[in-house]
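A look at the structure
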Amino acid sequence: DAGLRIIHNMDYKILSQTLFQIQASDNPEEALEHMTYGLKKILDYKLFAFFIRGTDKNTVMAWIEPEYYEKYMKKIFEEDSGMSTDNGLIYMTLRNRDESFARLAELDIENRETRIFKIALPHLEARIYLTPGRQILPYHMEIINLLIESFKKTVSIHMELEQLRQEASIDGLTGVSN
């Protein structure tokens, strides 16, 4: 069908632009922002949530969009991951919440299928929760996986660079910072 081919081609054009932007990102937060923007354009998601826990097991960082799903997503994340958010969340997005939509939004999202993607990186554990606004076609899973892999590689590179910076600033013989 010609209409489906046009949409398919548009989605892959958005994918290629988004992959480039992710890989050109200056930091993991910027890479995540590019990934969410690409997913929004391709899937018109109703909910996107990203939770990451690093070596500090007490801290969970979160990106929840739209933000009025916060309570709902904390519950889902805790049930799915077994991780606690009791110590609070560190938000990676600007906080501009309108609580009046929260319960209505939760009822709406509970009736939709939310997909969960787990991301494993050295010293990090992350999850993406995605509720698409349109039907996910088979090629969309390929797009999602490519975006996640690109994001993982970008974050890994940034983590390695940061580790090298820290190692280079401390003298190996004396243990003193240079």
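Data block above holds the structure.
Residues numbered from 1 in each chain as written. Predicted model: local features only at pLDDT ≥ 70, side-chain atom pairs only at ≥ 80, totals over all residues. Heavy atoms only, no water.

1. A few points about the overall build of the chain
Counting secondary structure elements, the chain contains 5 helices and 5 strands. Considering the chain as a whole, with its 178 residues, one finds that 38% of them fall into the buried category. Summarising the internal contacts of the chain: among those between residues at least 6 apart in sequence, 65% fall at separations of at least 24. When the accessible surface of the chain is split by element, carbon and sulfur atoms take 54% of a total near 10,500 Å². (Helix = DSSP H or I, 4+ residues; strand = E, 2+ residues; numbered from the N terminus. Buried < 20%, exposed > 50% of the residue type's maximum accessible area, 1.4 Å probe, protein only. Contact = heavy atoms within 4.5 Å. Areas by Shrake-Rupley, 256 points an atom, 1.4 Å probe, with all protein chains shown as cover.)

2. Some details on the side chain of T36
Secondary-structure assignment places T36 in helix 2 (residues 28-43). With relative accessibility at 3%, the residue T36 sits in the buried group. For T36, the residues in contact, after removing those within four places along its chain, are Y45, F48 and W63.

3. Focus on the nonpolar core
General note: in soluble globular proteins, nonpolar side chains tend to be found buried as a group. In terms of nonpolar packing, the biggest core is built from 29 residues, with M35, L39, F48 and F50 touching the most fellow members. Mapped by element, the contributors of at least two residues to this core are helix 1 (2-23), helix 2, strand 1 (47-53), strand 4 (115-121), strand 5 (124-131) and helix 5 (138-168). Sort the elements by how many residues they give to this core and helix 5 lands first, with 7 residues. Contacts of F48, omitting those with residues within four sequence positions, involve L32, M35, T36, L39, W63, I64, E65, I128, Y129 and L130. Core analysis: the next-biggest nonpolar cluster, separate from the first, contains 12 residues, A49, V60, Y72 and M73 among them. (Core = buried A, V, L, I, M, F, W, Y, C linked by side-chain atoms within 4.5 Å.)

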